[in-house]
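Commentary on secondary and tertiary structure
Spelled out, the chains give:
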Amino acid sequence: ETGRLSPEPVNLPISPQALSPAAATAMPHARLTDSFRYTNGLSPYERLSNGTTRPRRVVETYAATISFNTELCWYLDSTFCSRFHSLKKLATPDVVLVVGQVVIFTTWSAVMILCAWQLFCVVHKLVRKRTGVSLMRTSLERGGYCSLCGLALRLILLFAPPIVYWRLFLPCWECYD
């Protein structure tokens, strides 16, 4: 059995706090109904003056729209980002930003040049010895001299600087509250 539904949505009052920038909002969609049931299965009713009861019309929330504010940097940890912003005490913000960029991209460039040079050396030795067996033996010998820790460090320094810059440093720098 369905009750009467109001064809028009109910406008709920909005508080002044709801108009301020928020990280996320949930906007309810509501309607009037006579067939509402509470979670315990009971229905709201009203007692009439003659002693009978009838279903009471209530506001029912039947859906909600959840939205996230992409203009507000709500997803960052202020404590973590404050460490970057404390560097502004040492110099102007523009100088600190440029120094951060220089350190990150110099590290990245140095590791890229190192990896390219090592790759060139390996390929050069492999090309010098033309047979397939000697190519494989030379590459294995060359790989045997490499330190596992050194390789791990090179790989970390090859991939981490751009990730740190674009995913950690810049969002903190641009979205500090």
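Up top is the structure these notes are about.
First, a word on scope: everything that follows refers to the structure included in this document. Predicted, not measured: the structure shown is a model, and the values here were computed from it.

Conventions we followed
- Residues numbered from 1 in each chain as written.
- Predicted model: local features only at pLDDT ≥ 70, side-chain atom pairs only at ≥ 80, totals over all residues.
- Heavy atoms only, no water.
- Helix = DSSP H or I, 4+ residues; strand = E, 2+ residues; numbered from the N terminus.
- Buried < 20%, exposed > 50% of the residue type's maximum accessible area, 1.4 Å probe, protein only.
- Contact = heavy atoms within 4.5 Å.
- Phe/Tyr/Trp six-rings, centres within 6.5 Å; stacked < 30°, edge-to-face > 60°.
- Lys NZ or Arg CZ within 6 Å of the ring centre and 35° of its normal.
- Patch = residues over 30% accessible without salt bridge, like charges linked within 9 Å, V, L, I, M, F, W, Y side chains within 5 Å.
- Areas by Shrake-Rupley, 256 points an atom, 1.4 Å probe, with all protein chains shown as cover.
- Salt bridge = Lys/Arg side-chain N within 4 Å of Asp/Glu carboxyl O.
- Arc of directions from axis to C-beta.
- Core = buried A, V, L, I, M, F, W, Y, C linked by side-chain atoms within 4.5 Å.

Within the protein chain, the regular secondary structure consists of four helices and four strands. Starting at the N terminus, the α and β elements of the protein chain follow one another as β-β-β-β-α-α-α-α. In the protein chain, buried positions account for 16% of the 177 residues. A separation of at least 24 residues holds for 68% of the contacts in the protein chain among residues at least 6 apart in sequence.

Here the focus is the packing of aromatic side chains. Applying the stated criterion across every chain, the model contains eight aromatic pairs. Measuring from centroid to centroid gives 5.0 Å for Phe105 and Tyr165, while their planes differ by 65°, and the two rings are edge-to-face. Of the two residues, Phe105 sits in helix H2 (residues 93–128) while Tyr165 sits in helix H4 (residues 148–174), which places them 60 residues apart along the sequence. Within the aromatic cluster, the residues linked to one another by ring pairs are Phe105, Trp108, Tyr165, Trp166, Phe169 and Trp173. The side chain of Arg31 reaches across the aromatic face of Tyr62, ending 4.1 Å from its centre. Across from the ring centre of Trp173, 4.7 Å away, lies the NZ or CZ of Lys88, which sits over that ring.

Together, Leu148, Leu151, Leu155, Phe159 and Ile163 make up an exposed nonpolar region whose accessible area comes to about 520 Å². Note that Ile163 resides in helix H4.

Here the focus is helix H1 (residues 78–85). What H1 keeps buried is the set Cys81, Phe84 and His85. Looking straight down H1, one finds its buried side chains confined to an arc of 95°; they lie on one side. For H1, exposure combined with an orientation more than 90 degrees from the buried face picks out Thr79 and Arg83. Those residues of H1 that are buried lie in contact with H4.

Moving on, we come to the nonpolar core. If you look at the biggest cluster of nonpolar residues, it comprises ten residues: Cys81, Phe84, Val96, Leu97, Ile104, Tyr165, Phe169, Leu170, Cys172 and Trp173. Listing elements by their share of this core, those giving two or more residues are H1, H2 and H4. For this core, the element with the most residues is H4, which contributes five residues. Residues contacting Leu97, with those up to four places away along its chain left out, are Phe169 and Trp173.

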